[in-house]
Structures are given as C-alpha cells and as structure tokens.
Amino acid sequence: MSSIRRFGISLDNDLSEKFDVRVKKKGYSNRSEAIRDLIRKDLVEQEWHEGGEVTGAVTLIYNHQKRELLNKITDIQHNFQKVIISAQHIHLDHHNCLEIIAVKGNPPDVQKLTNILKAIKGVKHGTLSMSTTGKGLT
Ligand code: NI
C-alpha cells in the first residue's frame, strides 16, 4: 500500500458549500473520498488524451428488424478485433436490442469504432464509457 500524504485546500465559501452539497448528494463518506475520485477521473481523461492503453464499453440500442443492421454491426466488429475483447447482445423486447462491447486498446481506435457504430442508420443510441486499465491508479 502506498503511503498517505495530507494537504489542505483553500476554497472560497461559495465553491466549498457547493462541493459539500455534491459530496453529500453523491453519497461520499467524506471530502477526501470525493476529491480522490475527482483526481482519478482527471487522470483517466488524461490517459484518453495521451493515447496509452485504455478500456471502456460501447453500448448500442438498435432495432434488429431493420434490414442489414445486424450484419453491418457484426461486420464492423470483425474489423475491430484488435480492440474488442468481448461483446454481449441482449434482446430488450420484440424489436430492440442492447449491445455492450467491451474494448481495450488505444483511444483513437476505440473512438473510431464508436463513431462508426453510432453513425449506422438505425442505431437509436450509442455511447462510449471511457475507463482505464487501472494500472496507473491506486
Ligand atoms: Ni436482439
């Protein structure tokens, strides 16, 4: 376990009060835990900008009855085997499907895959959850 360093933070009252409201609303047990989370979030964003190895999940909602849509989505995934580590298809109802694609690789490839999938006609909603391999975080 890494050792702990303590430091003080100066904030004006207004910002401090807003932060305390957020801490309480989000259910953090204390300010330190909330600040640790903010720092980790910033470090993960930096990983995505600097282009190391990242992980994440692409989620898609689409109607499988639309012609050729399922084939297109599958073809694209075959072209991105380098970054796709797993995929799960869930039949939400009679028409709608949820596809969750776990990704690991460099940020431009992951972003490209996401953009291509989201742009397919018939995909109702697509998101990319940007995460980390966790190697650089404690
Ligand atoms: Ni389905």
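About the criteria used
- Residues numbered from 1 in each chain as written.
- Predicted model: local features only at pLDDT ≥ 70, side-chain atom pairs only at ≥ 80, totals over all residues.
- Heavy atoms only, no water.
- Donors = N, O, S within 2.8 Å, 3.2 Å for Na, K, Ca; no water.
- Buried < 20%, exposed > 50% of the residue type's maximum accessible area, 1.4 Å probe, protein only.
- Helix = DSSP H or I, 4+ residues; strand = E, 2+ residues; numbered from the N terminus.
- Expected span 1.5 Å × (residues − 1).
- Contact = heavy atoms within 4.5 Å.
- Polar contact = N/O pair within 3.5 Å; in protein donor to acceptor, adjacent residues only side chain to side chain.
- 1 Å grid on protein atoms, 1.4 Å probe; cavity = no way out; pocket = protein on both sides within 12 Å on 5 of 7 lines; lining within 4 Å.
- Points joined across faces, edges and corners; volume = space filled by probe spheres on them.
- Nonpolar A, V, L, I, M, F, W, Y, C, P; charged D, E, K, R; others polar.

A short note on the coordination of the nickel ion
Ideal geometry at a metal centre gives angles of 109.5 degrees when four donors are arranged tetrahedrally and 90 or 180 degrees when six donors are arranged octahedrally.
And step 1. Around the nickel ion, the protein contributes the donor atoms His89 (NE2), His91 (ND1) and Cys97 (SG), at 2.1 to 2.4 Å from the metal centre.
And step 2. In primary-sequence terms, the residues that donate to the nickel ion follow H-x1-H-x5-C.
And step 3. A residue is classified by how much of its surface remains accessible, and His91, at 63% relative accessible area, is exposed.

Here's the deal with helix H2 (residues 31–50)
And step 1. In this model H2 runs 28 Å from its N-terminal to its C-terminal C-alpha over 20 residues, within 8% of the 28 Å that 1.5 Å per residue would give.
And step 2. In the core, the buried residues of H2 are packed alongside helix H1 (13–25), strand E1 (54–63), helix H4 (107–119) and strand E4 (123–132).
And step 3. Two to three positions downstream of the cap, the backbone nitrogen of Ser32 sits 3.2 Å from a side-chain oxygen, assigning the N-cap of H2 to Asn30.
And step 4. Remark: Gly51 follows H2 within two positions and exhibits a positive phi of approximately 85 degrees.

What about the layout of surface pockets?
One way to see where empty space is left: roll a probe the size of a water molecule over the atoms.
And step 1. If you add up the space inside the largest pocket, you get close to 940 Å³.
And step 2. Around the largest pocket sit 22 residues that line it, and Arg5, Phe7, Ser32, Arg36 and Ile39 are the ones nearest its centre.
And step 3. Mapped by element, the contributors of at least two residues to the lining of the largest pocket are H1 and H2.
And step 4. It is H2 that provides the largest number of residues to the lining of the largest pocket, a total of seven residues.
And step 5. Residues that form the lining of the largest pocket fall into these classes: ten nonpolar, six polar and six charged.
And step 6. In this structure, the second largest pocket occupies an estimated 170 Å³ of space.
And step 7. Residue lining of the second largest pocket: Phe19, Arg22, Val23, Lys26, Tyr28, Ala34, Asp37, Leu38 and Lys41, and that is the complete set.

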